[in-house]
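Residue strings, one per chain:
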Amino acid sequence: MKRSINILISGGGTGGHIYPAIAIANELKLRYPKAKFLFVGAKDKMEMEKVPQAGYEIKGLWISGIQRKLTLKNLSFPFKLISSLWKASRIIRKFKPTIAIGTGGFASGPTLIVASSKGIPTLIQEQNSYPGITNKILSKKAKSICVAYDHLERFFPVDKIVKTGNPVRQDLLTIHHKTEEAKAFFKLDATKKTILILGGSLGARRINQLIEAQLDFFKNQEVQLIWQCGAFYIDEYQKYNENKNVQVHQFLNRMDLAYAAADVIISRAGASSVSELCIVGKPTIFIPSPNVAEDHQTKNAKSIADKHGAILLKESELETFPIVFETLMKDKGKQQSLSENIKGLALPNATSQIVNEIEKLLNKE
């Protein structure tokens, strides 16, 4: 392809939107080393830091979502939307993108609306089993929609849907060769089972409260914990590092080794986490957050649990946790079947397949 390629990517607000956007950009950069890239994010959101760290330029829009309950913040939304549409238009006029890619988040709405209105082909990547309102709107004009779950024809035009999966860290593909390295890295007792607890980068309050309340129970179960409590909660929970067989982390820099060390995983059910856990293939208890848009974490977890790939435990059912956990730990057959079934749902080549779809659109231009 002789002509210059300008690739506009918009997505952010959470790591679940930012990481796929960066992974897609990295794969495109390998295939098109001379292409120009520009990201569009929401001002004051984490993408404004994470994207430059990954080596890409980013522009910020003054945009946020509509609160689900009545609040004064909603009064500013129309002004933010108009401002963002105007700025997105200026960015697109100057950058002249060949294609625009959206991975979800507040900024992707105005960016891709403007792009499609100017005749620029758009592709959206939907990570969840239940799409948010932004991607539902964008799907009407999008040329292609890359998804990670079945049955999304309820929300999107069926002829545009391509099931690719969600981009995941490539170092997760080799974790089964890293068990010894992982146990040494975390200074674990090789004779004990290891439980990995994941609440996301910021942390999950109810999961942290659950683990704190069950520390004596875990001690009686003779297991050891790698407990990622999150940035919001480290000051509150780091005191438990004094407990034998408990280690509390704000975040985990070596997720590949954390997964490799784990025998059982307790996790939220964000789209990226679910996709990673399918690759990892360890017995998993999902405790989804009920406080996210459209309750999509519960829907993500249910899509795996319905195929006997994980245990779904709602926050409203946490009093049953000791029974659920002890039953799982005693049932080796159940552990094996959960591992096999969740691994059967893995889509490890998602990034490459998404970029294949982008290439098809580029070749049509």
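In what follows, the structure referred to is the one given above.
Starting afresh in each chain, residues are numbered from 1 along the sequence in its written order. pLDDT decides what is reported in this predicted model: residues at 70 or higher carry local features, side-chain atom pairs at 80 or more are listed and counted, and totals for whole chains, interfaces and linings draw on all residues regardless. Hydrogens and water are ignored here; the side-chain numbers use all heavy atoms of the structure.

**Q** How would you explain the overall build of the protein if you had to name every residue and give the values?
**A** Counting its regular elements, the protein contains 15 helices and 13 strands. Each of the three principal axes of the protein carries a C-alpha extent, and together these read 65 × 45 × 35 Å. Each residue gets one of three labels from its accessible area relative to the maximum for its type: buried under 20%, exposed over 50%, partly exposed in between, using a 1.4 Å probe on protein chains only. Relative to its 365 residues, the protein shows a buried fraction of 53%. Should any heavy atoms of two residues lie within 4.5 Å, those residues are considered in contact. Once local pairs closer than 6 in sequence are excluded, the contacts in the protein between residues at least 24 apart make up 63%. Using a 1.4 Å probe, the Shrake-Rupley method yields the accessible areas, and only the shown protein chains count as cover for residues. Here the protein displays about 17600 Å² of accessible surface, and carbon together with sulfur accounts for 53% of that area. The charge count treats Lys and Arg as positive and Asp and Glu as negative. His and the chain ends do not count. Note that the charge is assigned to NZ on lysines, CZ on arginines, CG on aspartates and CD on glutamates. One finds the centroid of the 51 positive side-chain charges in the protein at a distance of 9 Å from the centroid of its 34 negative side-chain charges. In this description a helix means any DSSP run of H or I spanning at least four residues, a strand means any run of E spanning at least two, and both kinds are numbered starting from the N terminus.

**Q** Any chance you could break down the sheet that holds strand β3 (residues 58-61) for me, citing the residues and the numbers?
**A** Spatial ordering of the open sheet is given by β3-β2-β1-β4-β5-β6-β7, a layout of seven strands whose pairing is parallel. With partners counted over all chains shown, the strands left at the sheet margins are β3 and β7 (161-163), one partner each. Looking at each pair of strands side by side, their axes are set apart by 20° on average, direction ignored. At least two bridges found by DSSP between two strands are what make those strands a pair. As paired strands, strand β2 (residues 36-42) and β3 are joined by four bridges and run parallel to one another. Opposite G41, over in β3, you have G60 as the bridge partner. Where helix α1 (residues 15-31) meets the sheet, its contacts fall on β1 (6-10), β2, β4 (99-102) and β5 (122-126), and the angle it forms with β2 comes to roughly 175°. Running over the sheet, helix α15 (residues 350-364) touches β4, β5, β6 (144-147) and β7 and is turned about 165° from β5. Structural elements are reduced to axes, namely lines fitted to C-alpha atoms, with helices fitted over the stretch in contact, and the angle between N-to-C directions of any two is expressed from 0 to 180 degrees.

**Q** Hey, could you go over the packing of aromatic side chains for me, with residue numbers and the actual values?
**A** A pair of aromatic rings is counted whenever rings of Phe, Tyr or Trp (Trp by its six-membered ring) have centres within 6.5 Å, and the orientation is called stacked for planes under 30 degrees apart, edge-to-face for over 60 and tilted otherwise. Counted by the stated rule, this structure contains 15 aromatic pairs. Measuring from ring centre to ring centre gives 5.3 Å for F39 and Y56, while their planes differ by 45°; the resulting arrangement is tilted. Note that F39 is positioned in strand β2 and Y56 in the loop between α2 (47-53) and β3, a separation of 17 residues in sequence. This pair shows no difference in class: F39 is buried, exactly as Y56 is. A centroid spacing of 6.5 Å and a plane angle of 75° characterise the contact between F217 and F321, whose relative ring orientation is edge-to-face. Of this pair, F217 sits in helix α8 (residues 215-221) while F321 sits in helix α13 (residues 321-330), placing them 104 residues apart in sequence.

**Q** Go over the side chain of Q228 with me, naming the residues and quoting the values.
**A** When you line up the elements, Q228 lands in strand β9 (residues 223-228). Any pair of nitrogen or oxygen atoms within 3.5 Å is treated as a polar contact; in protein, a donor-acceptor pairing is required on top of that, and neighbouring residues in sequence qualify only through side-chain atoms on both sides. Here the side chain of Q228 touches G199 through a polar contact of 3.1 Å, landing on its backbone nitrogen. A polar contact is formed between the side chain of Q228 and the backbone oxygen of Q250, at a distance of 3.2 Å. Residues within four places of Q228 in sequence aside, it is in contact with I197, L198, G199, G200, S201, N208, H249, Q250, F251 and L252.

**Q** Explain the nonpolar core to me, and be specific about the residues and the numbers.
**A** We define a nonpolar core as any set of buried Ala, Val, Leu, Ile, Met, Phe, Trp, Tyr and Cys residues linked to one another through side-chain atoms lying within 4.5 Å. Core analysis: the biggest nonpolar cluster contains 56 residues, and L8, F186, L196, L252, Y259, I265 and F286 have the highest contact counts within it. Elements with a minimum of two residues in this core: β2, α3 (77-95), α4 (108-117), β6, β8 (193-198), α10 (255-261), α11 (271-280) and α12 (296-305). Broken down by element, this core gets its largest block of residues, six residues, from α10. Once you skip the residues sitting within four places of it in the chain, I265 turns out to touch L196, L198, Y259, L277, V280, K282, P283, T284 and I285. Counting 31 residues, the second-largest nonpolar core is a separate cluster that includes Y237, L313, L318 and L338.

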